[in-house]
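# Remarks on the overall topology
Chain by chain, the residues run as shown.
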Amino acid sequence: MRRKRMMTAGALALLVLTTGCGAADMTQQASPFANAQGAKTVTLSVQSWVGAQANVAVAQYLLEHELGYRVDTVQVDEVPAWDALSQGRVDAILEDWGHPEQEQRYVDDKKTITRGGDLGVTGHIGWYVPTYFAEQHPDVTNWKNLNKYADRFRTPESGGKGQLMDGSPSYVTNDKALVKNLKLDYQVVFAGSEAAQITQIKQFAKEKKPFLTYWYSPQWLFKKVPMTEVKLPAYQEGCDADPAKVACAYPHTPLQKYLNTDFAEQGGKAAAFLRKFQWTTEDQNEVSLMIAEQKLSPEEAAKKWVDSHRTTWKAWLS
Amino acid sequence: MATITATPPRTLPGALKHPAARKLLLLALAAAILVPLANARWTSGTWPTALTIDLTQPLTNVSDWIIDNRDSHPLFLYFFGHISNAVVLSVRAVYLTLLTIGWTGVTALGALVAWRVAGVKLALGTAAAFLACGLLGMWVPTMQTLALMVVAVLASVVVGALLGLAAGLSDRMDRALRPVLDTMQVLPAFAYLLPVVLVFGIGVPAAVLATVVYAAPPMARLTALGLRGADKGVLEAVESLGATARQRLLTARVPLARKELLLGLNQTIMMALSMAVIASVIGAGGLGDRVYQALASVDVGAALAAGIPIVLLAVVLDRVTAAAGNGGTEHPRAGWPYALAAALAVAVAGRLLGRTDWPGSWTLNIAEPVNRAVDWMTAHLYSGVPVVGGTADWAGHFTTWVLDPVRDGLQWLPWWSVLLVVAALAWLIGTWRTALTAVLAMAAIGVLGVWEPALDTLSQVLAAVAVTLVLGFATGIAAARSDRFERLLRPVLDVFQTMPQFVYLIPVVALFGVGRAPAVAAAVVYALPAVVRITAQGLRQVDPAAMESARSLGATSGQQLRQVQLPLARPALLLALNQGVVLVLAVVIIGGLVGAGALGYDVVFGLAQGDLATGLVAGAAIVCLGLMLDRVTQPTGRRAKKGA
């Protein structure tokens, strides 16, 4: 009995020693899988879309093979990723599509996140129809004519209306408001994840069926299923300020990188490298396509790109 | 997976008639008074807006407060911070240990433990399972998941056992805990995630804690059951020998409850493993994360490569703990030191050879062939199949002819009549208490302001349960009648029951398109094994004497089934229904990821956008829906067990 009690006391003492009796700020806490076996580790956030995977794959490859880091990746949705970045669970986000509320909170007010500069890629969100359909019916590419085609886009899920397919709930979207404010005879159907949306688009394309979908570029799927954008009322600065009253297209966004402030200051070579990391839409698409269509592992795809674009990435390391 | 085997006592169908009529009459009377009143005040088909509470503002405030104070408020610094730290430290310790002993050591240790506990056959199985994980190129993720699991399961077992001990020894605790545990058992895992994330942030601590909350209840429930079920005679004998209360507990009650304790461990492990994948949504890492990432690039093969190790781990752990629960006494204890020494020797040997990491060249790429098979399947089945039509057509018809009418019907019904139907169903099958809980849960959904989406979800659940029951009962009956069929079926059921639901979400979309139909299909696939299993078990347990006498009276095999087996197995069939409903609900919620919309989408949205107001309200509504469905389908038996 006594031995048992001593053991419990010992275990408790150990627990107190290891956790410390003082304050424990869990917002400054790394992943338990980080730095295993004495390696220098960088943790990158991978968002769920393949373009983001391409950024991370190349950055990871270069960090591991040229700079000798170990890289952990975590898949998190966009908004939670900001949270994780501010807490230091993630060191960097390489592709952000604009989150003004979070920028205000973490970059300007709390200063736990630092801007990392342009990624070099410009993102654009819009409504798309497959090109095979747009060629047969050229006037579908103007939003004013969409109602004429509503019955062509009907599915069991959209009831009596045309279907406008939206993707993951984590993506920036005004589509419900747009449909309402532009008085369109459409029903927004949320695919719930990008994977589901892509699978559905591919199935439609295989049968050459018409469809209308929320989509964004750069995206590798355009190479596989050519799509044409539907013109919405032109974007003007501030026309999307009130989410309920939006009646204009989405803007063109230069995609941004963000670093955790501590990492940006103490991250050494890795932080410097990630700040300089900048490439073009074509570069990103090349890697994305290798991952998503040729089913190469992200690492193999990154290796292929790295081997053939030496001059581009040498500049990031200097 | 060992299913929850509560065997309710037989109720005589004849005797039920009178009380049933009385109950309905009483309910009709209550309705006749209350409905006109309610109708006069709030005349609307759906839940009246006057009776809802909008929680958006307070919840947003809470969320902002937590984010602003997470790094400064003492509650976080001195309480949650330490919990989080402890989790990180222990997961890290286990992970580093696993890496240090290397793949040879882990495999040897696993196999030898299995050998001591469960015999040679399972030891070989365990070793093969570990090697397969490595062969699939998943060694490191498997170890990460294993580390997380070890910590989560240990914590669940400690928490569960303590709660169970309290409930087992004190009647008052038991009364207080039972409804809580009952409720937790039916909660879909998805509903837990958001609040945990908000406090702990994305990452391993949040994942471990969500897992503990999910996996501890079965341990608590079974511990209490075991302690209460101890043989009175033995206890009296121990008492007469002058043992103190503590001695009685340690030397008599706990050993007597061994079987239940190990069953609890088994259930806890299974629940924790299934949560390990869902928790990848909040940054659990490991195998679940691989599955989740593979799905983002629509790579079913890669998802399967990460899913198979989960299935293997689950099957091995299930069999080993089940074997420990059933027997194990025939093995002498003396073997343990040898086993440990052998494991140590292998680990050291592996280390000396410099082989702690799984060799990169020893991997097998299954992703490609699997993807080709899936592509072929979807290409040939999706549409244009002669005569029967493609799967896309079925999905379309199912949506227009089944899902739409059911949903529209439910949403068309006046809100008070929905409550009445719930009350009537729950009362007929249970007691007035279950009926009251069910009605209150349903009303809470209305008050939360998510009546319409909840009924949408409910319509999907009803459709999926109907399909599951038809298929499940048919397969279960076939399995009960043919030993060979059951043997063939067993591994298939094991795989489908433990395969992470995420893995089959994408093939299901490829087959049925985006919408509610794929969610229903995924739910059917997930719930079917449990229903088949309980049905087959129930039919097989029917008293052989009854069967014999039926046969001697010249009943054909069809008559035997209809008139003897099925009526006698009624409690088991009701249990199958109950389990089916709970499992279907869990997956219909995840169906939010494939376009099922409704409450599931709201939870996904809340998680993705960090929007506590939407996510938490939807989560609470799911809890209520689960509670209602459980009570409506809950056989009286579980209550009657109280006395036992």
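Basis of the calculations
Sequence order as written defines residue numbering, which begins from 1 separately in each chain. Numbering of ligands from 1 and lettering of chains from A proceed in the order in which they are written. A pLDDT threshold of at least 70 governs which residues receive local features in this predicted model, and a stricter bar of 80 or more applies before side-chain atom pairs are shown or counted, although totals over entire chains, interfaces and linings include all residues. Note on geometry: axes are lines fitted to C-alpha atoms, helical ones only across the stretch in contact, with angles between N-to-C directions running from 0 to 180 degrees. By the criteria applied, helices consist of DSSP H or I runs no shorter than four residues and strands consist of E runs no shorter than two, each listed in order from the N terminus. Crossings are sorted by hand: turned counterclockwise from the far helix by less than a right angle, the near helix makes the crossing left-handed, and turned clockwise it makes it right-handed. The contact criterion used here is simple: two residues whose C-beta atoms, placed from the backbone, lie within 7 Å are in contact. In this classification, Asp, Glu, Lys and Arg are treated as charged, Ala, Val, Leu, Ile, Met, Phe, Trp, Tyr, Cys and Pro as nonpolar, and every other residue, Gly included, as polar. Note that domain bounds follow an automatic or database assignment of domains. Counting other C-beta atoms within 10 Å of a residue's own tells you its class, since 20 or more makes it buried, 12 or fewer makes it exposed, and anything in between is partly exposed; those C-beta atoms are placed from the backbone. What the arc measures is the spread of directions leading from the helix axis to the C-beta atoms. At least two DSSP bridges between two strands are needed for those strands to be called paired. Every residue carries a pLDDT, the predictor's confidence in it, which falls somewhere between 0 and 100. As used throughout, a nonpolar core is a set of buried Ala, Val, Leu, Ile, Met, Phe, Trp, Tyr and Cys residues joined through C-beta atoms within 7 Å of each other.

## Some details on the packing of helix α11 (residues 281-292) of chain A against helix α12 (residues 298-308) of chain A
Residues and elements named next belong to chain A. Put simply, α11 and α12 touch, their axes get as near as 9 Å, and they point 145° apart. At the point where α11 passes α12, the crossing takes the right-handed sense. Contacts between α11 and α12 pair E286, V287, M290 and I291 from the former with P298, A301, A302, K304 and W305 from the latter. Of the residues that constitute the contact of α11 with α12, the class distribution is seven nonpolar, no polar and two charged.

## What to know about the domain arrangement of chain A
All names here are of chain A. For chain A, the assigned domains are domain 1 (36-122 + 254-317) and domain 2 (124-252). Its C-alpha centre places domain 1 at a distance of 29 Å from the equivalent point of domain 2. Listed as interface residues are 17 residues of domain 1 and, on the opposing side, eleven residues of domain 2. Elements that contribute at least two residues to the side of domain 1 that touches domain 2 include exactly α2 (50-65), α3 (78-87), β4 (113-130) and α11. By residue number, the principal contributor to the side of domain 1 that touches domain 2 is α11, which donates six residues.

## A few points about the interface of chain B and chain A
Between chain B and chain A, the contact holds 63 residues from the first and 52 residues from the second. At the level of secondary structure, the elements contributing two or more residues to the side of chain B that touches chain A comprise α3 (74-118), α7 (193-200), α12 (286-296), α15 (367-381), α16 (391-412), α21 (505-512) and α26 (598-609) of chain B. Of the residues forming the side of chain B that touches chain A, the biggest block, 16 residues, is contributed by α3(B). Here the side of chain B that touches chain A is built from residues that sort into 33 nonpolar, 23 polar and seven charged.

## Quick look at helix α10 (residues 268-276) of chain A
All of the buried residues along α10(A) are A270(A), A271(A), F273(A) and L274(A). End-on, the buried residues of α10(A) take up no more than an arc of 160°, which puts them together on one face.

## Considerations on the environment of V230(A)
Residues and elements named next belong to chain A. Relative to the helices and strands, V230 is located in strand β8 (residues 227-230). Taking the C-alpha atoms as reference, V230 lies 14 Å from Y186; in sequence the two are 44 residues apart. Other than its neighbours up to four places away in sequence, V230 contacts W127, Y128, V129, V140, T141, W143 and L146.

## Examining the pairing of β4(A)
Residue and element names in this part refer to chain A. Across eight bridges, β4 lies against strand β9 (residues 252-260) in antiparallel orientation. What sits directly across from H124, in β9, is H252. Across five bridges, β4 lies against strand β7 (residues 212-217) in antiparallel orientation. Within the sheet, the bridge partner assigned to I125 lies in β7 and is Y216. With four bridges joining them, β4 and β8 adopt antiparallel strand pairing. Its bridge partner being in β8, W127 is matched across the sheet by V230.

## Structural notes on the domain arrangement of chain B
All names here are of chain B. In terms of domains, chain B is made up of domain 1 (60-352) and domain 2 (394-635). Between domain 1 and domain 2, the C-alpha centre-to-centre distance is 27 Å. Taken together, the 30 residues of domain 1 in the interface contact 28 residues of domain 2. When residues of the side of domain 1 that touches domain 2 are traced back to their parent elements, those giving at least two are α2 (56-69), α6 (171-186), α7, α11 (258-278), α12 and α13 (300-326). Of the residues forming the side of domain 1 that touches domain 2, the biggest block, eight residues, is contributed by α13. The class makeup of the residues in the side of domain 1 that touches domain 2 is 25 nonpolar, five polar and no charged.

## Details of the confidence of the model for chain A
Residue and element names in this part refer to chain A. Averaged over every residue, the pLDDT of chain A is 82; the share at 70 or more is 88%. Ranking the elements of chain A by mean pLDDT puts helix α1 (residues 2-19) last with 54 and β8 first with 90. pLDDT under 50 marks residues 16-21. Its contacts with residues more than four places away, or in other chains, come to six contacts.

## Regarding the pairing of β9(A)
Within a regular strand, the side chains alternate between the two sheet faces. Examined bridge by bridge, strand β3 (residues 92-96) of chain A and β9(A) share three bridges and lie antiparallel to one another. Bridge pairing in β9(A) links I93(A) to Y258(A).

## Observations regarding the environment of V71(A)
All names here are of chain A. Structurally, the position occupied by V71 is in strand β2 (residues 70-75). Its 21 C-beta neighbours within 10 Å are what place V71 among the buried residues. As a C-alpha pair, V71 and T122 span 51 residues in sequence and 26 Å in three-dimensional space. For V71, the contacting residues outside a window of four places in its chain are V42, L44, Q60, L63 and E64.

## Looking at the nonpolar core
Residues and elements named next belong to chain B. Ranked by internal contacts, the top residues of the largest apolar core, which has 296 residues, are L148, A210, M442, A523, V584 and A621. The element that contributes the greatest number of residues to this core is α3, accounting for 18 residues. Excluding its chain neighbours within four sequence positions, the residues that come into contact with A210 are Y192, L193, V196, M275, A279 and I282.

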